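# Fold and geometry: a report
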Amino acid sequence: MKYSIAIHGGAGTISRRRFTPDKQIAYYQVLAQAIKTAENLLANGGTALAAVEAAVIILEDCPLFNAGKGAVFTNEGKHEMDASIMTGHDLQAGAIAFVHGVRNPIRLARAVMEQSEHVFLCGTGAEQFARKVGLPFEPESYFFTQDRYTQLLKAQKEDTIQLDHSENDSPKNDPLDKKHGTVGAVALDSYGNVAAATSTGGLTNKKFGRIGDSSIIGAGTYANNLSCAVSCTGYGEFYIRGVVAYDVSCLMEYKGLSLDDACQVVINDKQVKMGSDGGLIAIDGQGNVCLSYNSEGMYRAYKRHNSPLFVAVFDEELHID
């Protein structure tokens with residue numbers, strides 16, 4: 001039985017000096033838990049769709065990552081969450097944006113795909129649909145973390161927006177010296193199908209109903225059995241303009257590039273030329289995995305059916321039996 005699962009928890013100029021041993025262990029444990037949960041599903045005949053949803057739910061429930069419980073604050077001191085999910089065998093997809101209070105946004109994205117006539121719902125309409133299908137909501141206090149609130153206060157003082165995870169050591173006017181945060185998963189199941197899922201809390205101090213790439217099919221998430229499944233993390237405006245997830249798929253399907261070559265072209269050539277940093281995870285129909293990033297680090301992990309668990313943040317690798 002062949003299967004593969006990969007996940008990410010965000011990319012960016014992650015501060016090495018603040019990445020203490022205790023912090024490293026905490027991140028590695030959650031990444032490993034998400035992989036092992038998804039792998040257990042795949043090893044027992046579960047679908048790629050079920051695996052990516054299960055992995056993302058674990059990351060959404062962890063305050064370390066900018067999704068679900070760990071979502072960052074908007075300028076108004078609220079949490080606006082985006083997510084999307086897609087299956088490669090039938091190109092079905094579901095996406096939600098600008099959602100408040102939903103405990104697991106990725107579950108809502110799947111519900112949109114499977115229980116509605118639509119692909120993309122947002123705002124109060126998406127929340128109404130979540131209640132209709134019986135998904136759990138949480139109060140604002142559930143999503144509060146002191147680290148995120150401190151980030152908000154700093155961003156408000158500097159009148160900037162911030163992505164998650166990195167340390168702001170560069171000039172204030174550098175829009176890319178911010179903190180990247182998103183979570184995602186891609187999987188191949190024993191039936192030969194791929195799927196992808198992405199979830200985020202967006203930008204700290206974001207205004208005006210801003211929506212990034214994580215909820216946009218083709219930009220932050222894409223899956224097609226003819227090519228690959230992709231989940232992205234980075235500065236969303238660039239990923240939308242580059243249609244990054246679909247671009248990887250197109251290079252494979254129409255130009256015949258390998259998974260690794262397609263990812264390298266998109267992340268380390270096209271996105272770099274646009275001035276963007278970040279990364280993506282991708283998986284193809286043979287179970288090949290690519291964890292590509294052009295930033296200092298990316299929270300990432302993967303497991304194939306016949307290989308040890310891989311977990312990493314920077315260039316150093318850690319294989320766990």
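The residue numbering used here restarts from 1 in each chain and proceeds along that chain's sequence as written. Note on the predicted model: pLDDT of at least 70 is required for a residue's local features to be given, and 80 or more for side-chain atom pairs to be given and counted; whole-chain, interface and lining totals, by contrast, use all residues. Water and hydrogen atoms were dropped before computing side-chain values, which therefore reflect all heavy atoms in the structure.

All right, on to the overall build of the chain then. A helix here means a DSSP run of H or I that spans at least four residues, while a strand means a run of E at least two residues long, and both kinds are numbered starting from the N terminus. The helix and strand tally for the chain stands at 8 helices and 13 strands. Note on method: radius of gyration uses C-alpha positions; expected globular size equals 2.2 Å times residues raised to 0.38. Computed over its C-alpha atoms, the radius of gyration of the chain comes to 18 Å, within 12% of the 20 Å expected for a compact globule of 321 residues. Counting only C-alpha atoms and orienting by the principal axes, one finds that the chain spans roughly 50 × 45 × 35 Å. Buried positions account for 60% of the 321 residues belonging to the chain. In the chain, once contacts between residues fewer than 6 apart in sequence are set aside, the share between residues at least 24 apart is 66%. Counting only carbon and sulfur atoms, one obtains 51% of the accessible surface of the chain, whose full area is about 12500 Å². Counting rule applied: Lys, Arg positive; Asp, Glu negative; His and chain ends not counted. The atom standing in for a charge is NZ when the residue is Lys, CZ when it is Arg, CG when it is Asp and CD when it is Glu. A gap of 3 Å separates the mean positions of the 29 positive and 37 negative side-chain charges of the chain. For every residue, the accessible area obtained with a 1.4 Å probe (protein chains only) is divided by the maximum for its type, and the residue is called buried under 20%, exposed over 50%, and partly exposed between those limits. Every residue pair with non-hydrogen atoms within 4.5 Å of one another is taken to be in contact. Method for areas: the Shrake-Rupley scheme with a 1.4 Å probe, in which residue coverage is limited to the protein chains shown.

Here we take up the sheet that holds strand E10 (residues 289–293). In spatial order, the strands read E7-E8-E9-E10; together these 4 strands make up an open sheet with antiparallel pairing. The outermost strands of the open sheet, each flanked by one partner alone, are strand E7 (221–223) and E10. Neighbour to neighbour, the strand axes of the sheet diverge by 10° on average, direction disregarded. DSSP-based pairing: two strands are paired if at least 2 bridges between them are found. Note: strand E9 (residues 278–284) against E10, 5 bridges, orientation antiparallel. Looking at the pairing, isoleucine 281 lines up with leucine 291 of E10. Where helix H7 (residues 244–253) meets the sheet, it contacts E7, strand E8 (228–234) and E9, and its direction lies at approximately 145° from that of E8. Lines are fitted to the C-alpha atoms to define the axes, a helix being fitted only along its stretch in contact, and any angle between axes, read from their N-to-C directions, falls within 0 to 180 degrees. In this fold helix H8 (residues 259–274) packs onto E8, E9 and E10, with an angle of close to 15° to the strand it touches most, E10.

Looking now at the nonpolar core. Within soluble globular proteins, side chains that are nonpolar generally end up buried alongside one another. Membership of the largest hydrophobic core comes to 52 residues, with the highest contact counts inside it found for Ile7, Leu31, Phe65, Ile85, Ile96, Leu108 and Tyr299. The contacts of leucine 31, once residues within four sequence positions are left out, are Ile7, Leu59, Phe65, Tyr299, Arg300, Ala301 and Val311. Buried Ala, Val, Leu, Ile, Met, Phe, Trp, Tyr and Cys residues form a nonpolar core when they are joined through side-chain atoms within 4.5 Å.

Any region with low pLDDT has predicted coordinates that should not be read closely. Per-residue pLDDT for the chain has a mean of 91; in total, 92% of the residues score no lower than 70. What pLDDT reports is the predictor's confidence in each residue, on a scale of 0 through 100. Looking over the chain, one finds the lowest element-wise mean pLDDT in strand E13 (residues 318–320), namely 58, and the highest in E7, namely 99. The low-confidence segment residues 165–179 (pLDDT under 50) makes 50 contacts with residues lying over four places distant or belonging to another chain.

Here we come to the pairing of E10. For E10, the tally of buried residues reaches 5 of 5 residues, placing the bulk of the element in the interior. What you see with E10 is no split at all: Val289, Leu291 and Tyr293 on one side and Cys290 and Ser292 on the other are buried throughout.

Before going further, it helps to spend a moment on the environment of phenylalanine 144. With respect to the element layout, phenylalanine 144 can be found in the loop between helix H4 (123–132) and helix H5 (146–158). Remark: the alpha-carbon pair of phenylalanine 144 and phenylalanine 73, spanning 71 residues in sequence, is separated by 8.5 Å.

Two rings from Phe, Tyr or Trp (for Trp, the six-membered ring) form a pair when their centres are within 6.5 Å of each other. A pair whose planes differ by under 30 degrees is stacked, one over 60 is edge-to-face, and the rest are tilted. Under the definition given, this model contains 10 aromatic pairs. Aromatic side chains phenylalanine 73 and tyrosine 149 sit 5.6 Å apart centroid to centroid with 70° between the ring planes, which places their arrangement in the edge-to-face category. Remark: tyrosine 149 occurs in helix H5 and phenylalanine 73 occurs in the loop between helix H2 (48–60) and strand E2 (81–87); sequence separation between them is 76 residues. Geometrically, the ring pair formed by phenylalanine 144 and tyrosine 149 is tilted, given 5.6 Å between the ring centres and 45° between the ring planes. Owing to a relative accessible area of 40%, phenylalanine 144 belongs among the partly exposed residues under this scheme. By relative accessible area, tyrosine 149 is classed as partly exposed at 33%.

Further remarks concern H8. The length a helix should cover is 1.5 Å for every residue beyond the first. Here H8 is 16 residues long and its end C-alpha atoms lie 21 Å apart, about the 22 Å a rise of 1.5 Å per residue gives. The largest bend in H8 is about 25°, located at valine 266. Of all the positions in H8, only Leu259, Ala262, Cys263, Val266, Ile267 and Gln271 are classed as buried. Where H8 is buried, its residues meet E8, helix H6 (236–242), H7, E9 and E10. One or two positions beyond H8, positive phi appears at glycine 275, with a value near 90°. One axis fitted to the seven residues ending at a residue, another fitted to the seven starting there: the angle between these axes is the bend at that residue.

Relative to the elements of secondary structure, glycine 181 occurs in the loop between H5 and strand E5 (183–188). Note: C-alpha distance between glycine 181 and alanine 11 (170 residues apart in sequence) is 6.6 Å.

Our focus in this paragraph is the packing of helix H1 (residues 21–43) against H2. Between H1 and H2, whose axes approach to 8 Å, the crossing angle comes to 155°. Of the possible angle classes, the one that applies to H1 and H2 is roughly antiparallel. Between H1 and H2 the crossing geometry is right-handed. Across from Val30, Leu31, Gln33, Ala34, Thr37, Ala38, Leu41 and Leu42 in H1, the residues of H2 making contact are Ala48, Ala50, Ala51, Ala54, Ala55, Ile58 and Leu59. Asp, Glu, Lys and Arg are counted as charged, while Ala, Val, Leu, Ile, Met, Phe, Trp, Tyr, Cys and Pro are counted as nonpolar; the rest, among them Gly, fall into the polar class. Partitioned by chemical class, the residues of the contact of H1 with H2 number 13 nonpolar, 2 polar and no charged. Reported orientations rely on four angle classes, namely roughly parallel under 35 degrees, roughly antiparallel over 145, roughly perpendicular from 65 to 115, and oblique for the rest. Crossing chirality is assigned from the near helix's rotation relative to the far helix, an anticlockwise turn below a right angle marking it left-handed and a clockwise turn marking it right-handed.

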